[in-house]
Amino acid sequence: MSKVMNHRYKADPQESYTLPSHFYTSEDILNKEKEEIFYKNWIFAGHAEKVDVPGKYFTFQVFDQNIMIIRGKDDIIRAFYNVCPHRGHELVEGEGKKAVISCPYHAWTFHLDGQFNQGRAVDQIKNFEQKEACLTPVNIEVFLNFIFINLDPNAKPIREMMPSLEETIRTKIPEVENLTLAKRIRYDIKGNWKNVIDNYLECHHCQVAHPEFVKQIDMSSYQINPQEYYIAQTSRGKGSCSIPGDLDMASDETYLSLWLWPTLALDIMPGEPGIIIMYIEPVSPEESIEYLEFYFMSKEPTEEGWESIKYQDEVLTPEDISLVESVQRGLRSKGYTDGRYVIDKEKSSISEHGVHHFHGLVLNALEGVRTS
Ligand code: FES
Ligand SMILES: [Fe+2]
């Protein structure tokens, strides 16, 4: 493992090299990321509306770990490992509603809060402790009605890790809890998950690759501001332009994008209140799934909302996926090992300091450096 961790990254972005190419292709690195990043950080699982009444549940996978998210009779949303404490059968599948959780193998039952209920002849088990037969909880945080889970029981809450995040979102959408999912789209990408995030965290490529996007954005106002565990990208709209599928930005309104360590991004467009959520699920070192979820105040978006979905789905996302997949092929080239970051001290659109910040978080996690 030690050799696989070789890199020329430095804390000073102007002296640093990027993460080397094998970080984007190696099975060993992905396995280490699974343990040190995905099993120890807040992973977006879905919106609380999926479990809107007691008994409603859905399952969610973090690599090989199957998690059940369920609302209790007391209205509290909890997460458990989806495994029976008897002999390890999975308890529930997909999504649905239960009055009681009943294991399909030998029919042990559990209350919605994970407490053991009953099992045939368990009274004959010597020293049987009911508390040893409860479901194993998983750390959960419902943040603005978005559900996050963390397999690390000692993880810092999101609100502590990202202290100014709620206020930043609320300034744009005061009634953010009222958003509802209108559309979800899945993209299969031939690229490492970090490659997809790298591309998201800079707009150096926007002038070249996103001609329609830069027509609507005042690129001179574009700013990339890393906080410890999230990165905000903001810019003003250009105002009067009106191209098909445009974002309809008035000049005084701002576009806000927030990336949250490790794999989630929220885009808040001016105009109709809404959030576009993007999250990445690693499949293998060189394959990922990207999900886009469009949240508006109503399940039936306005025409403006549909335009925004169409633009993301037909223009912006295909443009980015094509870049990411070309980079992935390049990362396998014998002619490339690592590169340099273009850094602008003004944190403008041409600067890649956001990517450097992200790479620092990846290395801290893999090298076991605790920054908090
Ligand atoms: S494994 Fe669940 S009741 Fe036996
Ligand atoms: Fe892009």
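Cut-offs used in this document
Residues numbered from 1 in each chain as written. Chains lettered and ligands numbered in written order. Predicted model: local features only at pLDDT ≥ 70, side-chain atom pairs only at ≥ 80, totals over all residues. Heavy atoms only, no water. UniProt positions renumbered as here; feature names shortened; annotations may be inferred. Helix = DSSP H or I, 4+ residues; strand = E, 2+ residues; numbered from the N terminus. Pairing = 2+ DSSP bridges. Disulfide = S-S within 2.5 Å. Buried < 20%, exposed > 50% of the residue type's maximum accessible area, 1.4 Å probe, protein only. Donors = N, O, S within 2.8 Å, 3.2 Å for Na, K, Ca; no water. Tetrahedral: all angles 85-135°; square planar, octahedral: opposite > 155°, others 65-115°. Axes fitted to C-alpha atoms, helices over the stretch in contact; angles between N-to-C directions. Parallel < 35°, antiparallel > 145°, perpendicular 65-115°, else oblique. Contact = heavy atoms within 4.5 Å. Nonpolar A, V, L, I, M, F, W, Y, C, P; charged D, E, K, R; others polar. Salt bridge = Lys/Arg side-chain N within 4 Å of Asp/Glu carboxyl O.

- Per an unreviewed UniProt entry, the recorded name for the chain is Ring-hydroxylating oxygenase subunit alpha, and the organism is Siminovitchia terrae.
- Here is the UniProt Cofactor (unreviewed entry) comment for the chain, exactly as written: "Fe cation".

**Overview of the UniProt feature "domain: Rieske" (unreviewed entry) in the chain**
Here's step 1: UniProt's entry tags residues 42-149 with the feature "domain: Rieske" (unreviewed entry), counted in the numbering of this structure.
Here's step 2: Secondary structure across residues 42-149 comprises 0% helix and 42% strand; the distance between its end C-alpha atoms is 5 Å.

**Quick notes on the pairing of strand β2 (residues 56-62)**
As a general feature of sheets, a regular strand has side chains that alternate between the two faces.
Here's step 1: As paired strands, β2 and strand β5 (residues 95-97) are joined by three bridges and run antiparallel to one another. Each bridged residue has a counterpart across the sheet, and for phenylalanine 58 the counterpart in β5 is glutamate 95.
Here's step 2: Bridging between β2 and strand β3 (residues 65-71) involves six bridges; their strand directions are antiparallel. In the sheet register, valine 62 faces β3, and the bridge partner there is glutamine 65.
Here's step 3: Following β2, the chain reverses through two residues before pairing antiparallel with β3; phenylalanine 63 in that reversal takes a positive phi of roughly 50°.

**Some thoughts on the state of the cysteines**
Here's step 1: All told, the structure shown has one disulfide when counted by the stated rule.
Here's step 2: Paired by a disulfide, cysteine 203 and cysteine 206 hold their sulfur atoms 1.9 Å apart. In this structure, the disulfide formed by cysteine 203 and cysteine 206 twists by about -105° around the S-S bond and is classed as left-handed.
Here's step 3: Here cysteine 203 falls in the buried class, since its relative accessible area comes to 2%.
Here's step 4: In this structure cysteine 206 comes out as buried when scored by relative accessible area, which is 4%.
Here's step 5: Distance from the sulfur of cysteine 134, which forms no disulfide, to the nearest cysteine sulfur (cysteine 84) is 11 Å.
Here's step 6: The exposure class of cysteine 134 is buried, given its relative accessible area of 16%.

**Thoughts on the coordination of the iron ion (ligand 2)**
Here's step 1: Within the first shell, the iron ion (ligand 2) binds the protein through His205 (NE2), His210 (NE2), Asp320 (OD) and Asp320 (OD), at distances of 2.0 to 2.8 Å.
Here's step 2: Angles of 52 to 152° at the metal separate the four donor atoms of the iron ion (ligand 2), which places the site in the irregular class.
Here's step 3: Summarised as a motif, the one-chain spacing of the donors to the iron ion (ligand 2) is H-x4-H-x109-D. Pair noted here: histidine 210 is in the loop between α5 (206-209) and α6 (211-216) and aspartate 320 is in helix α7 (residues 303-331), with a separation of 110 residues, a long-range link. We note that histidine 210, like aspartate 320, is buried.

**A word on the sheet that holds strand β7 (residues 109-110)**
Here's step 1: With antiparallel pairing, three strands are arranged side by side in an open sheet as β6-β7-β8. What marks the edges here is a single partner per strand, and that holds for β6 (101-102) and β8 (116-118).
Here's step 2: Pairing between β7 and β8: two bridges, direction antiparallel. Residue pairing across strands places threonine 109 opposite glutamine 118, the latter belonging to β8.

**Looking at the packing of helix α1 (residues 27-38) against helix α8 (residues 353-366)**
Here's step 1: At their nearest, the axes of α1 and α8 sit 9 Å apart, and the two run at 85° to each other. Classified by the interaxial angle, the pair formed by α1 and α8 is roughly perpendicular. Mapping the contact onto sequence places Ile29, Lys32, Glu33, Glu36 and Ile37 in α1 and Val362, Ala365 and Leu366 in α8.
Here's step 2: Along the lines of polarity and charge, the residues of the contact of α1 with α8 split into five nonpolar, no polar and three charged.

**Considering unusual backbone geometry**
Here's step 1: For the peptide bond that leads from tryptophan 261 to proline 262, omega is 0°, which places it in the cis range.
Here's step 2: With respect to the element layout, proline 262 can be found in the loop between β14 (254-260) and β15 (264-268).
Here's step 3: The phi torsion at alanine 107 lies on the positive side, around 65°, for a residue other than glycine.
Here's step 4: Assignment of secondary structure puts alanine 107 in the loop between β6 and β7.
Here's step 5: Residues other than glycine seldom take positive phi values, yet asparagine 145 does so here, at roughly 75°.
Here's step 6: With respect to the helices and strands, the residue asparagine 145 is situated in the loop between β9 (137-143) and β10 (146-150).

**Examining the environment of glutamate 287**
Here's step 1: Tracing the chain through its elements places glutamate 287 in strand β17 (residues 287-296).
Here's step 2: Separated by 96 residues in sequence, glutamate 287 and glycine 191 have C-alpha atoms that sit 4.8 Å apart.

**Overview of the pattern of salt bridges**
Here's step 1: Under the defined criterion, the tally for this structure stands at 16 salt bridges.
Here's step 2: We note a salt bridge from arginine 186 to aspartate 188, for which the minimum N-O separation is 2.8 Å.
Here's step 3: Where salt bridges share partners, they join Glu141, Arg159, Glu166, Arg170 and Glu177 into one cluster.

**A short note on the sheet that holds strand β16 (residues 274-284)**
Here's step 1: Here we have seven strands laid out as an open sheet, ordered β11-β17-β16-β15-β14-β13-β12, and antiparallel in their pairing. For this open sheet the edge positions go to β11 (180-189) and β12 (217-226), each flanked by a neighbour on one side alone. The mean angle between the axes of side-by-side strands here comes to 15°, regardless of whether they run parallel or antiparallel.
Here's step 2: One ladder, built from four bridges, connects β15 with β16; its direction is antiparallel.

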